Amino acid sequence: MKKSYGYIPLWFLLIVPPLLIFTFIFNFIQCGLAILCGAILLKIKDPFNNYYKRIMTAFILAIEADIICILFYALPELLYKIDFLNKNLITPLEYNPYKNIFSFIYIFILFIVLIKFIFKRTNKRVLKGFEENDDKLRANILITILLIPYLFFIPSTLLLKPNKSNLEDFRGTISTDRKSTIQILNNLNVSKYISSYTLDTSKEPYTLNIYLNKFTKDRRKKLEIDAATIYLLIRDINEIVYYMDDTTYTYDINKINDIFSNIKRCTLSDIKDRYSTKPFMEYTYFGRIDDYDVFDIGKGEIKEQLIYNDMGIHYYLEGTDYNKIFLYKGEQRYKTLKEALETNEIDIETLRNSELEIIITGVEENEDTNK
């Protein structure tokens, strides 16, 4: 069984020792009560006549109902590689099926299946030999209601507190919750490069400053993924600033919302889906400019590439070839960054204010020469 939350869900615990004994005891008490109530409705003079025999018949029926529940919970686990099912069925079933519409419908179907199954078997086995009349129908309905395995419909989180080993569990964290914030940072792509962090609480929402040891591989991709993850999970952060050597990388929440429309309404799977597309998997990501993602699709030596010349001011970007630095909309390649600048589809101010690591030469000494 795939375990998503760092704990074993309640439905699984109910079928393994020692809790299996508790399940059997619960079933036996259920059956005893059901048979007694049924006997009263049937107006049997001696309700304890053949009482234990009928209890054992009902007990076997209750175990069969338990098995149906187990199958309904366990079979979806085999499909855990399907993201939609993992997100909308498997995980909620392990955690709380009543918080997701798809898992709720699935549980409702299970409930209907159990009612039909128990009702038919009760009529054929438990109430075998009784005359078909209104009293038998009422007894059948009551026994069916009492034999439903309600233990399997209790949300795991009502009785079990999971370990927060899954990042999704941290949604809604407050930044001043140091323990949870550290756990989130420890699960980021850049976690092994983090030397420390500080929280600027001078005004709300707060700024999270993360200090990193230098790394180069997939830098922009990792920083952007982690910024999106932090905004998704920590509710009172408005700006994230990464510090690496003498360079800062700033991601405010508006920049991330431009990518995901509204990051607070997303899931970790939504973030994963964006960065699992072909461009992000195969090419070097430089960052965003306007509504475009910028990628270097080349495989050669990295060196400064002149992408624009404006009245003696030169704009360089480190890459394999200026003809290999493309703008993308989703997975669709548009045109090179150089072409977009030359046709003024992207103006020079937009370039200078973008997150691309532009190297500028030929400017006056009092201007910045490195973005």
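Treat the numbers as computed from the prediction; the structure is a model and nothing was measured. (Residues numbered from 1 in each chain as written. Predicted model: local features only at pLDDT ≥ 70, side-chain atom pairs only at ≥ 80, totals over all residues. Heavy atoms only, no water.)

Taken together, four strands build an open sheet; the order of strands is β5-β6-β9-β10 and the sheet is antiparallel. Where the open sheet ends on each side, the last strands, each with one partner, are β5 (284-289) and β10 (332-336). This sheet shows a mean twist of 35° between the axes of neighbouring strands, independent of strand direction. The sheet contact formed by strand β6 (residues 292-296) and strand β9 (residues 325-329) spans four bridges and is antiparallel. If you follow Phe 295 over to β9, its bridge partner there is Phe 326. (Pairing = 2+ DSSP bridges. Helix = DSSP H or I, 4+ residues; strand = E, 2+ residues; numbered from the N terminus. Axes fitted to C-alpha atoms, helices over the stretch in contact; angles between N-to-C directions.)

Residues Ile 210, Leu 212, Tyr 242, Phe 260 and Ile 263 are the most contacted members of the largest nonpolar core, which totals 43 residues. Elements supplying a minimum of two residues to this core: α8 (178-185), β2 (206-212), α9 (219-233), β3 (237-244), β4 (247-252), α10 (253-260) and β9. Not counting residues within four places of it along the chain, the set of residues in contact with Ile 263 comprises Ala 228, Tyr 231, Leu 232, Ile 253, Ile 256, Asn 257 and Ile 271. With 35 residues, the next largest nonpolar core counts Cys 31, Phe 117, Ile 118 and Phe 153 among its residues. (Core = buried A, V, L, I, M, F, W, Y, C linked by side-chain atoms within 4.5 Å. Buried < 20%, exposed > 50% of the residue type's maximum accessible area, 1.4 Å probe, protein only. Contact = heavy atoms within 4.5 Å.)

Low pLDDT marks stretches whose predicted atomic positions should not be read closely. Of the residues in the chain, 93% reach a pLDDT of 70 or more, and the chain-wide mean stands at 86. Considering only residues more than four positions removed or in separate chains, one finds that residues 1-7, a stretch of pLDDT under 50, has 30 contacts. Within the model, the stretch residues 364-371 combines pLDDT values under 50 with 13 contacts to residues more than four positions away or in other chains. (pLDDT = per-residue confidence, 0-100.)

Now for the pattern of salt bridges. Tallying each qualifying case throughout the model produces twelve salt bridges. Its salt-bridge partner being Arg 288, residue Asp 293 comes within 3.1 Å of it at the nearest N-O pair. Here Glu 342 makes a salt bridge to Lys 338, at a shortest N to O gap of 3.5 Å. With Glu 342 and Lys 338 both in helix α13 (residues 337-342) and four residues apart, the pair spans about one turn of that helix. Residues participating in the shared-partner salt-bridge network are Glu 224, Arg 274, Arg 288 and Asp 293. (Salt bridge = Lys/Arg side-chain N within 4 Å of Asp/Glu carboxyl O.)

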